[in-house]
Protein chains: 2
Amino acid sequence: MKTAAIIAEFNPFHNGHAEIIKKARELTGCDYCLIIMSGDYVQRGTPAIVDRHTRCRAALEGGADLVISQPTRYATSSAENYALMSVELLNALGCVDYLVFGSECGDLEELRSCAQFFSDENTAFQEKLREYTRSGISFPKARAMAAPMYESLLSSPNNVLAVEYLKALQSTGSPIEPVTIRRIGAGYNDDTSIEKFSSASAIRNLIQNVNVTPVFTFGSKNLMSAFSGETVRMNASELHSVTSDSILSYDYVRSDTAEQMYFRCIYDLAESIPEAPLHTQIRSASMDGVVCDDDFSLILAEKVWSADSPEFFMQFADVSPDLARAVFNNRFACSSFSAFAETLKNKSITRTHINRALLHIALSIVQSGETPLCAQVLGCRSESMELLGKITEKSDVPVITRPARDLKTLKGAARDLLSEEIRVSNLYNMVRALKKKATVTNTLSRKFIRI
Amino acid sequence: MKTAAIIAEFNPFHNGHAEIIKKARELTGCDYCLIIMSGDYVQRGTPAIVDRHTRCRAALEGGADLVISQPTRYATSSAENYALMSVELLNALGCVDYLVFGSECGDLEELRSCAQFFSDENTAFQEKLREYTRSGISFPKARAMAAPMYESLLSSPNNVLAVEYLKALQSTGSPIEPVTIRRIGAGYNDDTSIEKFSSASAIRNLIQNVNVTPVFTFGSKNLMSAFSGETVRMNASELHSVTSDSILSYDYVRSDTAEQMYFRCIYDLAESIPEAPLHTQIRSASMDGVVCDDDFSLILAEKVWSADSPEFFMQFADVSPDLARAVFNNRFACSSFSAFAETLKNKSITRTHINRALLHIALSIVQSGETPLCAQVLGCRSESMELLGKITEKSDVPVITRPARDLKTLKGAARDLLSEEIRVSNLYNMVRALKKKATVTNTLSRKFIRI
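The model shown is predicted, which means the values in this text are computed figures rather than measured ones. (Residues numbered from 1 in each chain as written. Chains lettered and ligands numbered in written order. Predicted model: local features only at pLDDT ≥ 70, side-chain atom pairs only at ≥ 80, totals over all residues. Heavy atoms only, no water.)

A.B. asks: Would you mind going over the interface of chain B and chain A with me for this structure?
C.D. replies: Quoted interface sizes are often the accessible area lost when the parts come together. On the side of chain A, 22 residues touch chain B, which itself brings 22 residues to the contact. Interface area lost by chain B to chain A is led by L298, W305 and F332 of chain B, which between them contribute 33%. Linking chain B with chain A are two salt bridges, by the criterion used here. One salt bridge in this structure joins E302 of chain B and K303 of chain A, with 2.8 Å as the shortest N-O distance. Between the two partners, chain B and chain A, sit two residue pairs in polar contact (both at pLDDT 80 or more). Of all the secondary structure elements, the ones that give two or more residues to the side of chain B that touches chain A are α14 (297-306) and α20 (412-435) of chain B. In the side of chain B that touches chain A, the residues fall into 13 nonpolar, six polar and three charged. (Contact = heavy atoms within 4.5 Å. Buried area = accessible area lost by both parts, 1.4 Å probe. Salt bridge = Lys/Arg side-chain N within 4 Å of Asp/Glu carboxyl O. Polar contact = N/O pair within 3.5 Å; in protein donor to acceptor, adjacent residues only side chain to side chain. Helix = DSSP H or I, 4+ residues; strand = E, 2+ residues; numbered from the N terminus. Nonpolar A, V, L, I, M, F, W, Y, C, P; charged D, E, K, R; others polar.)

A.B. asks: I would appreciate a short explanation of the packing of aromatic side chains in the present structure.
C.D. replies: For any two aromatic rings, the description comes down to two numbers: the centre-to-centre distance and the angle of the planes. Applying the stated criterion across every chain yields a total of 22 aromatic pairs over all chains. Seen from their ring centres, F101 of chain B and Y165 of chain B are 5.6 Å apart, and the 45° between their planes marks the pair as tilted. Separated by 64 residues along the polypeptide, F101 of chain B in strand β6 (residues 98-103) and Y165 of chain B in helix α8 (residues 157-171) bring together distant segments of the chain. The same class applies to F101 of chain B as to Y165 of chain B, namely buried. An aromatic cluster of at least three residues, connected via ring pairs, comprises F117, F118, F125 and Y150 of chain A. Over the face of the ring belonging to F328 of chain A we find R331 of chain A, whose NZ or CZ atom lies 3.9 Å from the ring centre. Positioned over the ring face of F118 of chain B is R143 of chain B, at 5.4 Å from the centre of the ring. (Phe/Tyr/Trp six-rings, centres within 6.5 Å; stacked < 30°, edge-to-face > 60°. Buried < 20%, exposed > 50% of the residue type's maximum accessible area, 1.4 Å probe, protein only. Lys NZ or Arg CZ within 6 Å of the ring centre and 35° of its normal.)

A.B. asks: Please clarify how the nonpolar core should be interpreted in this entry.
C.D. replies: Note that soluble globular proteins tend to have their nonpolar side chains buried in a common cluster. In this structure, L300, F313 and L358 of chain A together with L300, F313 and L358 of chain B are the most contacted members of the largest nonpolar core, which totals 78 residues. Those residues in contact with F313 of chain B that sit more than four places away from it in its chain are K303, V304, A307, V319, A324, V327, F328 and I361 of chain B. Core analysis: the second largest hydrophobic core is formed by 64 residues, L34, A83, L90 and L111 of chain B among them. (Core = buried A, V, L, I, M, F, W, Y, C linked by side-chain atoms within 4.5 Å.)

A.B. asks: Explain the packing of helix α5 (residues 108-120) of chain B against α8 of chain B to me, please; I cannot follow it from the model alone.
C.D. replies: Any two packed helices are characterised by the angle at which their axes cross and by the distance between the axes. All names here are of chain B. Relative orientation of the contacting elements α5 and α8 amounts to 65°, with a least axis distance of 8 Å. The handedness of the crossing between α5 and α8 comes out as right-handed. Between α5, through L108, L111, R112, C114, A115, Q116, F118 and S119, and α8, the contact on the second element is made entirely by N159, A162, V163, L166, K167 and Q170. Residue classes in the contact of α5 with α8 are distributed as eight nonpolar, four polar and two charged. (Axes fitted to C-alpha atoms, helices over the stretch in contact; angles between N-to-C directions. Left-handed = near helix turned anticlockwise from the far one by under 90°.)

A.B. asks: I'm lost on the relation of the copies chain B and chain A in this one. Help?
C.D. replies: Here two copies of a chain appear, and what relates them is a rotation about an axis with a shift along it. Least-squares fitting of chain B to chain A yields an RMSD of 0.0 Å, with the transformation described by 0.0 Å of translation along the axis and a rotation of 180°. Each copy turns onto its partner about a two-fold axis. Residue I299 of chain B, judged by its C-alpha, is the member of chain B lying nearest the rotation axis, at 3.2 Å. (Least-squares fit on C-alpha atoms with pLDDT ≥ 70 in both.)

A.B. asks: How do you make sense of helix α17 (residues 351-363) of chain B when you look at a structure like this?
C.D. replies: Given 3.6 residues to a turn, an α-helix orients residues that are three or four positions apart in the same direction. Residues and elements named next belong to chain B. The end-to-end C-alpha distance of α17 is 18 Å, a good match for the 18 Å that 13 residues give at a rise of 1.5 Å each. Of all 13 residues in α17, ten are buried; the element is thus mostly enclosed. Of all the positions in α17, only I354, N355, R356, A357, L358, L359, H360, I361, A362 and L363 are classed as buried. Downstream of α17 by one or two residues, S364 has phi in the positive range, about 55°. (Expected span 1.5 Å × (residues − 1).)

A.B. asks: Quick question: what am I supposed to make of the pattern of salt bridges here?
C.D. replies: Opposite charge on two side chains makes pairing possible when the charged atoms of those side chains draw close. Under the defined criterion, the tally for this structure stands at 33 salt bridges over all chains. With a closest N to O distance of 3.8 Å, D40 of chain B and R52 of chain B form a salt bridge. Taken as a pair, D40 of chain B in the loop between β2 (32-38) and β3 (41-42) and R52 of chain B in helix α2 (residues 52-61) lie far apart in primary sequence, twelve residues in all. For the pair formed by D40 of chain B and R52 of chain B, the shared burial category is buried. One continuous salt-bridge network, built from bridges that share partners, spans E80, R143, E164 and K167 of chain A.

A.B. asks: Hey, could you run me through the pairing of strand β1 (residues 3-8) of chain A in this one?
C.D. replies: Each regular strand shows side chains that alternate between the opposite faces of the sheet. All names here are of chain A. For β1, the tally of buried residues reaches six of six residues, placing the bulk of the element in the interior. Pairing between β1 and strand β2 (residues 32-38): six bridges, direction parallel. When the sheet's bridge partners are listed, I6 is paired in β2 with I35. For the handedness criterion, the β-α-β arrangement of β1, helix α1 (residues 15-28) and β2 is classed as right-handed. (Pairing = 2+ DSSP bridges. Right-handed = clockwise from strand over helix to strand, strands pointing away.)

A.B. asks: Help me understand the side chain of D51 of chain B, please; the structure alone is not making it clear to me.
C.D. replies: Residue and element names in this part refer to chain B. Mapped onto the secondary structure, D51 falls in the loop between β4 (46-47) and α2. Only 2.6 Å separates the side chain of D51 from the side chain of T54, close enough to count as a polar contact. Apart from residues no more than four positions distant in its own chain, D51 is found in contact with D40, S284, Y428, R432 and R446.

Coordinates in, geometry out; function isn't part of it.
So, in structure tokens, the structure goes:
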């Protein structure tokens, strides 16, 4: 039994992800494809657009066999720590053979040589790096200046992560074999392009637009006649039962009523997301809403306004003394999450770093010397239960399938970690439910998904 | 120069309040009528329906000369402490001659004899009270059982406060002379009756219904023709420029469209609130929204879920060890403020006490040995600036007219108190602004109102 693993956010799950799962199977000939997926918050220091259970279901529908939730404190840490903790978790599972990851360069040897360089970090490099960061240059920029031969390679975000995975595999003496796939399609921050492998941020922008419970007038329940003007009301669940076949055949109208905008978004999304994951994620966005960083403005502001000294902020993960001072001194300027992050921006710190720090303040994620792990299984395909059995048998860390029950038996740091996960996940659910004036679901009571 | 003071919440300001100000002037012959008004949160342990600046303006329009904000930690404390801290503040101002308060009984001597009894608190009474509260009976009930001769008197909420004011005047050796006015009109908790002196809770229910930005179809801007069906859009500020004369003459339609409901509410409110305060408060409710305890659900839940022991909750004002344990043990049942308060209800604690405790948890109002005071002036009539001058001259406690400037010069406990006021008031404004998707106003930058 061979297992390949992929570390991902699936924010949201799209064609690119389905493709990498397919390629991972082809390249490794594995029996199972396992995913370590970020929970309700992602590495850019923002909440995920839809919740982890929805994204897990989409992943299972899109070809994954089993999805494990990456704890928030690791999922929202620096690229280096994110990669390290993900690899540590894979190592601990005791049954993973391959780690498959995308990269812009697609050349494992080139990535390996870069990883080797940073693992060794020769003295000259280290000194230069320290000098640059001390002079107020941000870490990514300082690293590029200190190691100019890798500047081009590391200017692509998937290469950066790939190098971190390789460093982590090496530093942990992992037996897991790395496999890289050349990443195709749109860039990381490309907001506008729509194509088969559209960027995740472009897809998120589209999903924002379907965050309404649509009540439309239809001639029939076929989208082809959506604009015929007859007055049959169709509720959101009926709408989503329309197959994506009919979405794809719907006559693509370039006009601007809210209804037409809505369908145009779904039509565009259908080009970027496979059918079943599209329905799952659109249903969730439409019925339960989408979440963005500014939905945490109130929670952040309450924390920021309450502080009586800069030191208060230094307890939180990724908050440096400089940043703590800046947060404190500007605290009454904190009216929204994104505006406050913008206020704090300067050349020595990336916006992503600021976002992560503010998210940790909002979520009360404190720095910790310990790095406990647990493997919370969010979902598994019925035909892949053998993999779950193997993990349960081999894992060095607690395997969580029923949080409410498992929380009672866990002890120490692993228990604290699971408590934190339940807490920040409930907070996500509550923020989302309040927006929709809906009832909050307690994540504690959720069992893992089987499809 | 004689000054009469009234301690009140004005939640919202209505005919009963205008009447008590008028009677206070008649009975005392005073030159000025000063108000100590609860800030953005009130004694029932809930946020006020509209913000303190709006209620202050309404009070000035309704006959008050000067309004001072009662700090939240005192405004939301037990009746005994609420009365004591209000009287301490009046004493500190150094220029108040009379304290005028309503009571159901209207007989100062009877109230005084009751106050005297509880001030002396003879040994037999104290022992009984302790015995009853220890056995799990709530404080108000235990007191009634221990002093049955005052049970009837103390079953009326205004008498309870009146007795507390008299106790406070006596215990602080105050030179201020008490004056009571028999309270007329509806009961404290009467939700339905609408009459000239309607209950504040009935009025709040009506104001809830005008918390929409109305876009209606009108024949003209005269409310008489509001339902003629022609399509002239009238925005909220135009609507509120319509005089209450036309509101009063509007044909009272008993039907159920949203527009008719809206106007019926305003019509009903116009019977209970004087014209200028009605416009001020309705404009605020309509444009900026109203606030209720469940708007603090997210902030409360975040705090409650974060706790790692019952002891965490004991730092907050009005949280007893028993209540702290109950909050901790039921923490994952905290989905909304009101539902959680309901969950925690039992015979030994009043719902108001629970509300106050939860509000203090949500607002991070911790217990404190010190009882600092400051007099934040929210507003003053232009013709009453002499009173403000006298207060500034005579006051033993800092007089705050420009919070941003005064915060810089204040020191120690008074500074902490003002900081807390700014923080909880900003939180109120933010909760309100988020509901309306509006921009947050920083209370720090608000000067006092002059009309």
